[in-house]
Amino acid sequence: MASADPGLSRLPVAFRVGDLAVRRRVLAAPMCGTSKPPYRRLACRYGADIAFTEMVKAHLLVAGCSRTWDLLAREDGERALGAQICGADEDVLARAAAALEASGFLLVDINMGCPVRKVVRSGAGAALLRDPRRVEAVVRACVRAVSVPVSVKLRSGWRHKGHAEADELARAAEQGGAALITIHGRPRDRRHAGAVDLDGIRRAKASVRVPVVGNGGIASPGDALRMLGATGCDAVMIGRGAHGRPWLFRDVARAIAGLPSLPPPGPAERAGVVAEHLEGLLEQLGPRGVLLFRKAAGWYFQGSAAADDFRARAHRIGSAAEMRGLVAEWRRHLLEEARLGV
Ligand SMILES: Cc1cc2nc3c(=O)[nH]c(=O)nc-3n(C[C@H](O)[C@H](O)[C@H](O)COP(=O)(O)O)c2cc1C
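Residues numbered from 1 in each chain as written. Predicted model: local features only at pLDDT ≥ 70, side-chain atom pairs only at ≥ 80, totals over all residues. Heavy atoms only, no water.

Quick word on the side chain of Lys 153
Which entries qualify depends on this criterion: What counts as a helix is a DSSP run of H or I of at least four residues, what counts as a strand is a run of E of at least two, and both are numbered from the N terminus. Relative accessibility under 20% of the residue-type maximum defines a buried residue, over 50% an exposed one, and the middle range a partly exposed one, all with a 1.4 Å probe and only protein chains included. Positive: Lys, Arg. Negative: Asp, Glu. His and the chain ends are not part of the count. Basic side-chain nitrogens of Lys or Arg form a salt bridge, by our definition, when they fall within 4 Å of a carboxyl oxygen of Asp or Glu. Should any heavy atoms of two residues lie within 4.5 Å, those residues are counted as being in contact.
Structurally, Lys 153 is set in strand β7 (residues 150-155). Here Lys 153 sits buried without a salt bridge, and the closest side chain of opposite charge, Asp 109, lies 6.8 Å off (N-O distance). Lys 153 has contacts with Pro 30, Gln 84, Asp 109, Ile 110, Asn 111, Met 112, Gly 113, Thr 182, Asn 215 and Met 237, leaving out every residue within four places of it along the chain.

In structure tokens:
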């Protein structure tokens, strides 16, 4: 999707992943429960080059489980999208990759970072990081099964010390044929907290030829510039930093491109984003979209004295009509605050 910011639409191509062009050097992270179509639409409209689906289990995909396929729902015309699969068995992963290609995805991403105990016990997710040979074998099997590019999302290692590090893992992924390597710069035992190992990402970037994406802890344009400067990576990936403020993709992309920063979005734009997210979830999921929106409401209803009250009310609401009413009230509230100069 072209960015809504004209300054960002005209940037030259930095690199390509198969048919997908990366111009702004910022990607939207795969996130369970969050990376749904409306979230991805907002991320890409504000500037993300590529978004990813949340991870789905390869064996359920291959078995034709409809709930798993539902997690991969796309909007019409949504192209700049990687579908992420998770599994331990390379044959199953390869069959899942082929099924994704057959259903029209232009990029298949393999999850090698999920830290959840149940996933890891099954040998999937971050468990693959324990053995670079497994990384290579899994990537190779998927690459052989499809003609679209295969990417991987690694962590900087299985544990903080004493295990294969990001550079060895990245080389294994490249050896297997990965077209793009994202590195979340925290080992599995740090889960989603703590310092990001920029030097590990730097060493990984220096040891492969394919594009490397740095991920972890990017919540501002400055964080993104630090990631790029310290690691030499080709692009950044943003996860939690963009929750409730998808315009972070624009702000980061502009900083990377050396364009002047823009003022933060005004109340009408912010309220419009909230309403669009809610409507998108309702369209995709029906009444279940209300439950999913509760989490997003917690991110959006911020930065106002009344925000706590709005968040608490969102968590009690069960119907689409009531949630729409609350979002409309939030809009009026933001506009009124702006009018009063609060
Ligand atoms: C709630 C949650 C869900 C996530 N789901 C996924 C997922 O499905 N696939 C994946 O590769 N990473 C997943 N991640 C990891 C993120 O993609 C990202 O690597 C991590 O949050 C670090 O980036 P950040 O500091 O910008 O958030 C998840 C993280 C969180 C907090």
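Having seen the model, we can carry on.
Brief notes about the packing of aromatic side chains
Heads up, the condition is: Stacked, edge-to-face and tilted labels apply to pairs of Phe, Tyr and Trp rings (six-membered ring for Trp) whose centres lie within 6.5 Å, assigned for plane angles under 30 degrees, over 60, and everything in between, in that order.
Taken as a whole and assessed by the stated rule, the structure comprises 4 aromatic pairs. A ring pair is formed by Tyr 46 and Trp 247, whose centres lie 6.2 Å apart and whose planes are at 75 degrees; its orientation type is edge-to-face. On the criterion of sequence distance, the pair formed by Tyr 46 in helix α2 (residues 37-46) and Trp 247 in helix α11 (residues 247-257) is long-range, its members being 201 residues apart. For Trp 247, a relative accessible area of 12% gives the class buried.

A look at the site of the ligand
Stated formally: Throughout this document, a residue counts as near a molecule or strand when at least one of its heavy atoms sits within 4 Å of that molecule or strand. Here a polar contact means two N or O atoms within 3.5 Å. Within protein one must be a hydrogen donor candidate and the other an acceptor candidate, and residues neighboring in sequence count only if both atoms are side-chain atoms. Accessible surface is estimated by sampling points in the Shrake-Rupley manner with a 1.4 Å probe; for residues, cover comes only from the protein chains shown. Note on residue classes: Ala, Val, Leu, Ile, Met, Phe, Trp, Tyr, Cys and Pro are nonpolar, Asp, Glu, Lys and Arg are charged, and everything else, Gly too, is polar.
Inspection of the region around the ligand gives 18 residues, with Gln 84, Lys 153, Asn 215, Gly 217 and Arg 240 positioned closest. Separating an oxygen atom of the ligand from a backbone N or O atom of Met 55 is a distance of 3.1 Å. A distance of 3.3 Å is found between an oxygen atom of the ligand and a side-chain nitrogen or oxygen belonging to Asn 111. A total of 610 Å² of accessible area belongs to the ligand in isolation, and the protein chains cover 85% of it. Residue classes in the shell around the ligand are distributed as 6 nonpolar, 8 polar and 4 charged.

Describing the sheet that holds strand β5 (residues 81-86)
Here is the rule we go by: Strands qualify as paired when DSSP identifies two bridges or more between them. Note on geometry: axes are C-alpha line fits, over the in-contact stretch for helices, and angles between N-to-C directions span 0 to 180 degrees.
With parallel pairing, the 8 strands of this closed barrel are ordered in space as β3-β4-β5-β6-β7-β8-β9-β10. Strand-to-strand twist across the sheet, computed as the mean angle between neighbouring axes with direction ignored, equals 30 degrees. Pairing analysis gives 5 bridges linking β7 to strand β8 (residues 180-184), with the strands arranged parallel. Bridge pairing in β8 links Lys 153 to Thr 182.

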